[in-house]
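What follows is each chain in one-letter form.
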Amino acid sequence: MSAPSVPDLLCPHCHEALHFTPASSADPGTAPASLRCSKGHHFDAARQGYFNFLVGKGTVFEADSAPMVAARYDFLASGHYDPLADAVADAVAPALTAGSPLILDAGTGTGHYLRRVLDRFAPAAGLRALAMDISKFAVRRAARLNPEAVNVVSDIWQPLPVADGTVDAIMVVFAPRNVAGFARALRPGGLLVVVTPRPGHLAEIAAATGMLGIEPGKEERLATQMGTHFRTSHVQDLDVAMELGTAQVADLAFMGPAGHHLDRAALAEKLAARTGSAGTTPVTAQFRITTFVPLPA
Ligand SMILES: C[S@@+](CC[C@H](N)C(=O)[O-])C[C@H]1O[C@@H](n2cnc3c(N)ncnc32)[C@H](O)[C@@H]1O
Ligand SMILES: [Zn+2]
């Protein structure tokens, strides 16, 4: 991580500006990169290169576990969701044109989708990236995959550690939306790109894997919430047809919210009994990619 690529971050304790000091090249082990505010709060980079911004109690939330994050990493590495990664990069592109634009990946997970954006725009555009997730297991992976981004363990529901109106684009892929916080962080004309599942998403395997369905009325509630700060500028529905082996079906189930209560071994056994261990299952992912622009304040 080099100093010029670091976005202007705010201290999660006092909201003063944070100043970045790179790791000592002579001895990064004892002098890691650090962020420090004028009030003396400071954050040393963890060995894997990320910062922990969690302060106080935060949201009561069960963060994704290490096995859930590993399942996500393995599934995304299979390339089946690559069309979604391309679509997200296409959607944020119009906001990443000026100077050294700043993108925020809210709920970055393993950093897979941000990687696609970085590959497309950095370093030619001088793109700066901030990736946030509440799971330290996820952020460890993200920091490894996207070392040129600033990766922080932090809670989306706490004040975002960036100054008002300084972010060019925010991407939220299957992650929570702090609508008011995002509206405050985005510059006028900035873009918020949100990926959500449509009702038929992974329908072929939902029952067999115990995946959680979309709560009735959830979309309407979210649309109402979004409407307080944003208007919709574009909606793209993307369907991806896949043929998945049992291990990939298990990864898909395990990487989502159902992973908190699924027994991986029992699930693998059940799936193998259903399709035979060498068999494949046709599965369709149904995504919606919605682009929002902030309403004038
Ligand atoms: C379904 S995963 C999606 C991850 C990634 N965007 C992807 O699609 O690969 C949701 C992510 O949101 C994170 N998350 C959930 N609540 C959060 C919160 N309050 N603040 C920050 N991250 C949160 C989880 O830890 C998890 O990594
Ligand atoms: Zn501070």
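Note that the structure is a prediction, hence the values are computed from the model and not measured.

This part is about the sheet that holds strand 3 (residues 42–44). If you walk across this open sheet you meet the three strands as 1-2-3, and the pairing is antiparallel. Of all strands in the sheet, those with a lone pairing partner are strand 1 (18–21) and strand 3, marking the two edges. Neighbour-to-neighbour, the strand axes of this sheet turn through a mean angle of 15 degrees, independent of strand direction. In terms of strand pairing, strand 2 (residues 34–37) meets strand 3 through three bridges, oriented antiparallel. Counterpart to Arg36 in the pairing with strand 3 is His42.

In this section: the coordination of the zinc ion (ligand 2). For the zinc ion (ligand 2), the protein coordination sphere consists of Cys11 (SG), Cys14 (SG), Cys37 (SG) and His41 (ND1), at 2.1 to 2.3 Å. Note that the zinc ion (ligand 2) binds four donor atoms; their angles at the metal cover 102 to 118 degrees, and the shape is tetrahedral. All donor residues of the zinc ion (ligand 2) come from one chain, and their arrangement in sequence is C-x2-C-x22-C-x3-H.

Further remarks concern the packing of helix 8 (residues 246–255) against helix 9 (residues 264–275). The angle between the axes and the distance between the axes are what describe a pair of packed helices. Closest axis-to-axis distance for the helix 8/helix 9 pair is 9 Å, and the angle between their directions is 135 degrees. In terms of axis orientation, helix 8 runs oblique to helix 9. Judged by the sense of rotation from one axis to the other, the crossing of helix 8 with helix 9 is right-handed. Taken together, the residues of helix 9 that come into contact with helix 8 (itself represented by Thr246, Ala247, Val249, Ala250, Asp251, Ala253 and Phe254) are Arg264, Leu267, Leu271, Ala272 and Thr275.

Below, the discussion takes up the packing of helix 1 (residues 66–77) against helix 4 (residues 136–145). It is the contact of helix 1 with helix 4, at a shortest axis distance of 8 Å, that shows an interaxial angle of 40 degrees. Residues Ala66, Val69, Ala70 and Tyr73 of helix 1 form the contact with helix 4, whose participating residues are Phe137, Ala138 and Arg141. A per-class count over the contact of helix 1 with helix 4 returns six nonpolar, no polar and one charged.

Quick look at the sheet that holds strand 5 (residues 102–106) now. Read across the sheet, eight strands follow the order 4-7-6-5-8-9-11-10 without closing on themselves; strand pairing throughout is mixed. With one partner strand each, in any of the chains shown, strand 4 (51–52) and strand 10 (230–244) form the two edges of the open sheet. Pairing of strand 5 with strand 6 (residues 128–133), which is carried by five bridges, proceeds in the parallel orientation. Counted as the bridge partner of Ala106 is Met132 from strand 6. Where helix 4 meets the sheet, it contacts strand 6 and strand 7 (150–153), and its direction lies at approximately 170 degrees from that of strand 7.

Our focus in this paragraph is the pairing of strand 7. Of the two faces of strand 7, the one lined by Val150 and Val152 and the one lined by Asn151 and Val153 are each fully buried. Summarising the sheet, strand 4 and strand 7 pair through two bridges and their orientation is parallel. Within strand 7, the position partnered with Phe51 by the bridge is Val152. Sheet topology places strand 6 next to strand 7; four bridges connect them, and they run parallel.

Moving on to the nonpolar core. Formed by 52 residues in total, the largest nonpolar core has its most connected members in Tyr81, Ile103 and Val117. Each residue touching Ile103, except ones within four places of it in the same chain, is listed here: Val92, Leu96, Leu114, Val117, Leu127, Arg128, Ala129, Leu130, Ala169 and Met171.

Turning to the site of ligand 1, a few remarks are in order. Taken together, 19 residues form the shell around ligand 1, and within it Gly107, Asp133, Asp155, Ile156 and Val173 come nearest. At a separation of 3.1 Å, an oxygen atom of ligand 1 approaches a polar side-chain atom of Arg72. Asp133 places a side-chain nitrogen or oxygen 2.6 Å from an oxygen atom of ligand 1. When the free accessible area of ligand 1 is taken as 600 Å², the share hidden by the protein chains comes to 94%. In terms of residue class, the shell around ligand 1 is made up of 10 nonpolar, five polar and four charged.

As enumerated under the stated definition, the model contains 12 salt bridges in all. Note that Asp119 is salt-bridged to Arg115, the shortest N-O span being 2.8 Å. With Asp119 and Arg115 both in helix 3 (residues 112–121) and four residues apart, the pair spans about one turn of that helix. Judged by its relative accessible area of 17%, Arg115 falls in the buried class. Where salt bridges share partners, they join Asp82, Asp86, Asp90, Arg116 and Arg120 into one cluster.

To continue, consider the packing of aromatic side chains. On inspection of all chains with the given rule, the structure shows five aromatic pairs. Judged by centre distance (5.9 Å) and plane angle (65 degrees), the rings of Phe174 and Phe287 are edge-to-face. You can see Phe174 sitting in the loop between strand 8 (167–173) and helix 5 (179–185) and its partner Phe287 sitting in strand 11 (residues 281–294), a full 113 residues away along the chain. Considering the side-chain rings of Phe230 and Phe292, the 6.2 Å spacing of their centres and the 65 degrees angle between planes classify their relative orientation as edge-to-face. In this pair, Phe230 is assigned in strand 10 and Phe292 in strand 11, connecting sequence segments 62 residues apart. A single burial state applies to Phe230 and to Phe292, both of which are buried. An aromatic cluster of at least three residues, connected via ring pairs, comprises Phe75, Tyr81, Phe174 and Phe287. The ring of Tyr73 has Arg141 lying over it, and the distance from NZ or CZ to the ring centre is 4.6 Å. A cation over an aromatic ring shows up here: Arg264 above the ring of Phe254, its NZ or CZ 5.7 Å from the ring centre.

So, how was this worked out
- Along each chain, residues carry numbers from 1 onward, in the same order as the chain's sequence is written.
- To label them, take the chains in the order written and letter them from A, then take the ligands in the order written and number them from 1.
- Selection of residues for local features in this predicted model requires a pLDDT of at least 70, selection of side-chain atom pairs for listing and counting requires 80 or more, and totals for whole chains, interfaces and linings are taken over all residues.
- To obtain the side-chain values, all non-hydrogen atoms of the structure were included, while hydrogens and water were left out.
- We call two strands paired when DSSP finds no fewer than two bridges between them.
- Starting at the N terminus, helices and strands are each numbered in turn, a helix being any DSSP run of H or I of at least four residues and a strand any DSSP run of E of at least two.
- All axes are obtained by fitting lines to C-alpha atoms, using only the stretch in contact for helices, and the reported angles, taken between N-to-C directions, cover 0 to 180 degrees.
- For Na, K and Ca the donor cut-off is 3.2 Å, and for all other metals it is 2.8 Å, counting N, O and S atoms only; because water is absent from this set, sites may look incomplete.
- Site shape is set this way: if four donors have all angles between 85 and 135 degrees, tetrahedral; if opposite donors are over 155 degrees apart and all others between 65 and 115, square planar for four donors and octahedral for six; otherwise irregular.
- Here the angle decides the label: under 35 degrees means roughly parallel, over 145 means roughly antiparallel, 65 to 115 means roughly perpendicular, and every other value means oblique.
- Each crossing is labelled by how the near helix is turned from the far one, with a counterclockwise turn of less than a right angle marking it left-handed and a clockwise turn marking it right-handed.
- In this description, contact between two residues means that some pair of their heavy atoms is separated by no more than 4.5 Å.
- Residues are sorted three ways: Asp, Glu, Lys and Arg are charged, Ala, Val, Leu, Ile, Met, Phe, Trp, Tyr, Cys and Pro are nonpolar, and all the rest, Gly among them, are polar.
- Three exposure classes are used, based on accessible area relative to the maximum for each residue type with a 1.4 Å probe and protein chains only: buried under 20%, partly exposed in between, and exposed over 50%.
- The term nonpolar core refers to a set of buried residues drawn from Ala, Val, Leu, Ile, Met, Phe, Trp, Tyr and Cys, joined through side-chain atoms within 4.5 Å.
- Nearness is defined per residue: one heavy atom within 4 Å of the molecule or strand is enough.
- In the analysis that follows, any N or O atom pair within 3.5 Å is treated as a polar contact, provided that within protein one partner can donate a hydrogen and the other can accept it, and provided that, for residues neighboring in sequence, both atoms belong to side chains.
- Where accessible areas are quoted, they stem from the Shrake-Rupley method and a 1.4 Å probe; at the residue level, only the protein chains shown are allowed to cover.
- Each reported salt bridge corresponds to a side-chain nitrogen of Lys or Arg within 4 Å of a carboxyl oxygen of Asp or Glu.
- Centres within 6.5 Å make a pair out of two Phe, Tyr or Trp rings, where for Trp the six-membered ring is used; the pair is then stacked when the planes are under 30 degrees apart, edge-to-face when over 60, and tilted otherwise.
- Whether a charge sits over a ring depends on NZ of Lys or CZ of Arg being within 6 Å of the ring centre and within 35 degrees of the ring normal.

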